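Residues per chain, in single letters:
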Amino acid sequence: MSPVNSLIVNIYNTLTRRLEEIVPMKRGRIRLFVCGPTVFNFIHLGNARTFVLFDSLAKYLTASGYEVFYLQNITDIDDKTLKVAAQTGVPWQDVSSRFFEEYLRDMKALGVDSVNVYAKATLYMDEIRSQIRRLMNRGYAYETQDGVYFHVEKFRDMGELSGQKLDKVVPGSRVVPSEQKINPVDFVLWKKHKAGEPSWDSPWGPGRPGWHIEDTAITESFFGSMYDIHGGGKDLVFPHHEAEIGQMRAISGKKHLARYWIHGGYLNMGADKMSKSAGNFIMLREALKKYTRQQIRFFLLNANYASDLLYTEELFKASCEALDRIQHAYDMALENVDRRESNTLSTGYYLSRIKGHLDNNFDTRSVFATLLEMSSEIFRTGGRLQGDSASGAIETFQYVDNILGILAQGSAASDTGRIIEGILRLREEFRRRKDFSTSDMIRRILEDSGVRIEDDASGTKWKIG
Ligand code: AMP
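K.L.:
Provide a residue-level description of the pattern of salt bridges, including the pertinent values.
P.N.:
Counted by the stated rule, this structure contains 31 salt bridges. Taking the shortest distance from any N to any O, the salt bridge between Glu102 and Arg285 comes out at 2.9 Å. Of this pair, Glu102 sits in helix H3 (residues 92-109) while Arg285 is found in helix H7 (residues 284-290), placing the two residues 183 residues apart along the sequence. One salt-bridge network, in which partners are shared between bridges, spans Arg427, Glu428, Arg431, Arg443, Glu447 and Asp455.

Written as structure tokens, this is what we have:
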């Protein structure tokens, strides 16, 4: 059954350059596509920023009542894969299948588990050929000696997403220079076979697909010619996403391929965007050896998602300290959930503010600021939360955690708390039976372990240290 009370989610749409309410094409269902990695190496923290953003966004949409189908492509054949294969002597298929597995391992370690399907480009050759054939039939593509190209001039709105003009295309990465192109900015749909490269059959001879066509072929086979949200890092806006729009519009006649286009900002290191080719990067795998997944997610989400974020070790440490405060307040709330003391903390207030921040262009930075404010209030009460307030605070922490994945569950403090509570209930039982020597012994054992106990009219309170 489709939900009737889906929340209003406003997000910045790169296409319209406005904050817009998400209205799905099919009631209650959101189809999300995000450009996945080229699997020729381990991913770095910059890639992780984009994948954590869309994992969190998918979870937020789910928490808001939508049924989300999240599709991601995997570029498993590319010049970069072939270069690694040539350099290492490892067959290209082994390079891409190994790094696809490593990518999945990284995503699992990072708590990214919202993707429904990872679609490898090489498994969609029929769909790719079919799209190129239709582009040729409609006069949007032409064949040369070295490939098949998209005739960009035929697509007059090219540049609508990015606001960039065609003459801004810089020949270089992923723009194939070719003498035979009608216009230098025309992009490749099919690369004809070169010696030593893998190839697939096609009406234009053996070869392999260009980069842009794999995404539209994959999304068309899952979603048809239009879907709800397309995401990726902002480096993909131009020309990659423009090319996707051009290809699909030429095929289907529908305007924009996706209704909402969402782009994440860069993770920078030094003066530049973190990138493998520039050599300024930290592998996610390495970061996970030093930091927990929660610390990494908190750092990556503690910024406006569309702005650039600078990585330095100092900034990362400061971010870990802020997270420690939130974790500590969460543990304290867990420890105090069964207590019966008076308290004025109003968690409904914090939860509704947090939901407001998420509805307002997925403002995770303000969510964390609000959690820190709530944590300070929990500390001010000395952790002496009571019944409803503690469970309300826990509900707020857990609402955020289910979406953003920043809290350690069952951490030492909360496990300890539950064990101490259990022992205190046992002590209570001995006291009820007037077996004071056993109840005192339990008290002594706890105190020897650093747990201070205070009995008063409202019950037993305890504190570590
Ligand atoms: P790639 O494997 O280069 O296609 O990148 C995979 C995803 O990571 C794409 O959505 C890129 O936009 C994104 N990405 C790459 N570098 C960064 C960075 N430094 N910061 C944020 N996202 C990035």
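K.L.:
Which residues make up the sheet that holds strand S8 (residues 187-192), and what are the values?
P.N.:
Here four strands make up an open sheet; going across it, the order is S6-S7-S8-S9 and the pairing antiparallel. The open sheet has two edge strands, strand S6 (141-143) and strand S9 (207-209), and neither has a second partner. With direction set aside, neighbouring strand axes in the sheet form an average angle of 20 degrees. Sheet topology note: the strand S7 (residues 147-150)/S8 ladder contains four bridges and is antiparallel. Bridging across to S8, Val148 finds its partner in Trp190.

K.L.:
Would you mind going over the site of the ligand in detail, with residue names and values included?
P.N.:
As a matter of local geometry, the ligand sits amid 17 residues, with Thr50, Gly233, Asp235, Leu267 and Met274 nearest to it. A distance of 3.2 Å is found between an oxygen atom of the ligand and a backbone nitrogen or oxygen belonging to Gly233. The contact in question runs from a nitrogen atom of the ligand to an N or O atom on the backbone of Leu267, over 2.8 Å. Surface burial for the ligand is 93%, taken as the share of its 490 Å² of free accessible area covered by protein chains. Mapped onto the shell around the ligand, the elements with two or more residues apiece are helix H1 (45-63) and strand S10 (227-233). Top contributing element to the shell around the ligand by residue count: H1, with four residues.

K.L.:
Describe the side chain of His212, and please don't skip the residues or the numbers.
P.N.:
Topologically, His212 is positioned in helix H5 (residues 211-223). What makes His212 buried here is its relative accessible area of 4%. When neighbours within four sequence positions are excluded, His212 is seen to be in contact with Phe187, Pro239, His240, Ala243, Glu244 and Gln247.

K.L.:
I'd like a description of the sheet that holds strand S3 (residues 29-34), backed by residues and values.
P.N.:
Ordered in space as S5-S4-S3-S10-S11, the five strands form an open sheet in which the pairing is parallel. The two strands at the open ends of the sheet, each matched to only one other strand, are strand S5 (117-120) and strand S11 (258-264). Sheet twist, expressed as the mean angle between neighbouring strand axes with direction ignored, is 25 degrees. As paired strands, S3 and S10 are joined by three bridges and run parallel to one another. For Leu32, the partnering residue across the bridge sits in S10 and is Ile229. The strands that H5 touches are S3, strand S4 (67-74), S5 and S10; relative to S4, the one it contacts most, it runs at about 150 degrees.

Reading guide: rules and limits
Residues numbered from 1 in each chain as written. Predicted model: local features only at pLDDT ≥ 70, side-chain atom pairs only at ≥ 80, totals over all residues. Heavy atoms only, no water. Salt bridge = Lys/Arg side-chain N within 4 Å of Asp/Glu carboxyl O. Helix = DSSP H or I, 4+ residues; strand = E, 2+ residues; numbered from the N terminus. Pairing = 2+ DSSP bridges. Axes fitted to C-alpha atoms, helices over the stretch in contact; angles between N-to-C directions. Near = heavy atom within 4 Å. Polar contact = N/O pair within 3.5 Å; in protein donor to acceptor, adjacent residues only side chain to side chain. Areas by Shrake-Rupley, 256 points an atom, 1.4 Å probe, with all protein chains shown as cover. Buried < 20%, exposed > 50% of the residue type's maximum accessible area, 1.4 Å probe, protein only. Contact = heavy atoms within 4.5 Å.

Everything listed here is a matter of geometry and, on its own, says nothing about what the molecule does.
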